[in-house]
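Structure at a glance
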Amino acid sequence: MYAIAIHGGAGELPRPALSAAQEALYRGGLASALDLGYEVLERGGTSLDAVTAAVGALEDNPLFNAGRGAALTREGTAELDAAIMEGGQQRAGAVAAVRHVKSPIELARRVMEKSRHVLLVGAGAEEFALEEGLTLVPNAYFRTPERRAELDALRSGRTASELVPSPQGTVGAVARDAQGNLAAATSTGGMAHKRTGRVGDSPIIGAGTYARNGVCAVSATGHGEYFMRIVAAHHICAAVEYRGLTLQAALRETLARLGELGGSGGLISVDGAGRIAMDFTTQGMFRAVRDSAGLRQIAL
């Protein structure tokens with residue numbers, strides 16, 4: 001069975017904060033990304049191509065905290081992180097604190113496939129993007145009016161949700177293709193009002209992104225500092241592989257540990273058989289799933 005799950009962030013977003021029109025926009029954005037990734041699998045494509053396509057679509061959608069529409073630093077700039085990993089040879093690539101790369105997830109994949117490295121950051125990552133011929137854009141491309149309003153709210157001590165009904169986490173995808181290969185991808189603008197140079201869990205392999213064939217693929221969203229401290233994504237796969245936990249039980253255990261430390265967030269995952277599991281401890285998580293058995297669900 002082939003399957004894909006995506007998330008568009010998790011956070012404290014009460015349903016009344018979204019109008020019917022806004023909810024429809026978010027559902028539409030999730031549906032477009034989900035179906036784009038699923039069509040790759042349906043055509044016999046790889047899980048790696050599927051998660052790249054899905055996350056790339058979310059990066060291009062200004063509703064979500066990745067690519068265009070990313071959360072802003074204290075100084076009002078966008079600094080973007082992304083990672084991708086395939087479960088066969090467990091190759092991985094990641095980038096952090098990039099300011100001009102239109103598609104950070106595509107750059108992360110190039111790091112994995114075209115370099116000797118796993119993680120490139122800042123100016124070095126952008127130099128590599130130029131060498132690879134990827135599209136670079138002015139930083140203003142990422143900064144939407146909604147994200148500027150969110151930053152202004154945080155600067156003034158107000159609650160951002162009063163002004164900006166948007167998920168505060170990140171975006172990600174996990175997939176299993178018809179050949180049984182697993183892959184995970186995550187992309188983010190990080191925390192709103194973060195310090196320049198702050199890097200969260202998304203580009204840290206084993207923290208916010210992880211994949212191992214026959215076991216699971218995981219993408220996380222939420223309080224990145226806590227996901228890093230418990231190496232959340234790897235912990236889930238290890239719990240499944242070495243302790244025999246179901247994927248859902250491993251997610252629940254990991255989020256409980258996160259909560260004990262004071263963090264919260266959400267996780268999406270797929271196991272070696274193509275079974276999807278998702279869980280979160282925030283008020284909401286923007287998420288969607290589709291598989292070859294006919295399942296297709298979108299939820300906030």
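For the structure itself, consult the block above.
Report follows, based on the coordinates. (Residues numbered from 1 in each chain as written. Predicted model: local features only at pLDDT ≥ 70, side-chain atom pairs only at ≥ 80, totals over all residues. Heavy atoms only, no water.)

Attention now goes to the sheet that holds strand β8 (residues 216-222). With respect to topology, 4 strands assemble into an open sheet ordered β7-β8-β9-β10, the strand pairing being antiparallel. Looking at which strands have only one partner, the edges of the open sheet turn out to be β7 (209-212) and β10 (276-280). With strand direction ignored, the average angle separating the axes of adjacent strands in the sheet is 10 degrees. In terms of strand pairing, β8 meets strand β9 (residues 265-271) through 7 bridges, oriented antiparallel. Counted as the bridge partner of Gly222 is Gly265 from β9. (Pairing = 2+ DSSP bridges. Helix = DSSP H or I, 4+ residues; strand = E, 2+ residues; numbered from the N terminus. Axes fitted to C-alpha atoms, helices over the stretch in contact; angles between N-to-C directions.)

Attention now goes to the pattern of salt bridges. Oppositely charged side chains can pair when the atoms bearing their charge come close. Scanning the model with the defined rule gives 18 salt bridges in all. Two residues, Glu113 and Arg109, come together in a salt bridge whose shortest N-O distance is 3.1 Å. Taken together, the residues span about one helical turn, with Glu113 and Arg109 both in helix α3 (residues 104-114) at a distance of 4 residues. Classification of Glu113 as partly exposed rests on a relative accessible area of 36%. Among the salt bridges present, the one from Arg147 reaches Glu150, with a minimum N-O distance of 2.8 Å. Placement of the pair is Arg147 and Glu150 together in helix α5 (residues 145-155), with a separation of 3 residues, close to one helical turn. The residues Arg147 and Glu150 share a single accessibility class, namely buried. Connected through salt bridges with shared partners, the residues Glu106, Arg110, Lys114 and Glu132 form a single ionic network. (Salt bridge = Lys/Arg side-chain N within 4 Å of Asp/Glu carboxyl O. Buried < 20%, exposed > 50% of the residue type's maximum accessible area, 1.4 Å probe, protein only.)

What follows is about the environment of Leu182. Mapped onto the secondary structure, Leu182 falls in strand β6 (residues 182-188). Taking the relative accessible area as the measure of exposure, Leu182 reaches 1% and is therefore buried. For the pair Leu182 and Asn213, spaced 31 residues apart in sequence, the C-alpha to C-alpha distance is 5.5 Å.

Time to look at unusual backbone geometry. Its identity is not glycine, yet Gln90 carries a phi of approximately 55 degrees, on the positive side. Following the sequence through the fold, Gln90 ends up in the loop between β2 (80-86) and β3 (92-98). Phi at Val231 is positive, roughly 45 degrees, even though this residue is not glycine. As for its placement among the helices and strands, Val231 is situated in the loop between α6 (224-229) and α7 (232-243).

Turning next to helix α1 (residues 20-42). A rise of 1.5 Å per residue sets the reference length of α1, with its 23 residues, at 33 Å; its end C-alpha atoms lie 32 Å apart and thus fit the reference within 8%. Burial in α1 covers these residues: Glu23, Tyr26, Gly29, Leu30, Ala31, Ala33, Leu34, Asp35, Gly37, Tyr38, Val40 and Leu41. Against β1 (3-11), α2 (47-60), β5 (171-176), β11 (284-291) and β12 (296-299) lie the buried residues of α1. Trailing α1 by a residue or two, Gly44 shows a phi angle of about 90 degrees, which is positive. (Expected span 1.5 Å × (residues − 1). Contact = heavy atoms within 4.5 Å.)

In this structure, Glu86 sits in strand β2. At a separation of 3.2 Å, a polar atom in the side chain of Glu86 contacts the main-chain amide nitrogen of Gln89. At 3.3 Å, the side chain of Glu86 forms a polar contact with the backbone nitrogen of Gln90. When near neighbours in sequence (up to four residues on either side) are disregarded, Glu86 contacts Leu48, Arg91, Met112, Leu182, Ala183 and Ala211. (Polar contact = N/O pair within 3.5 Å; in protein donor to acceptor, adjacent residues only side chain to side chain.)

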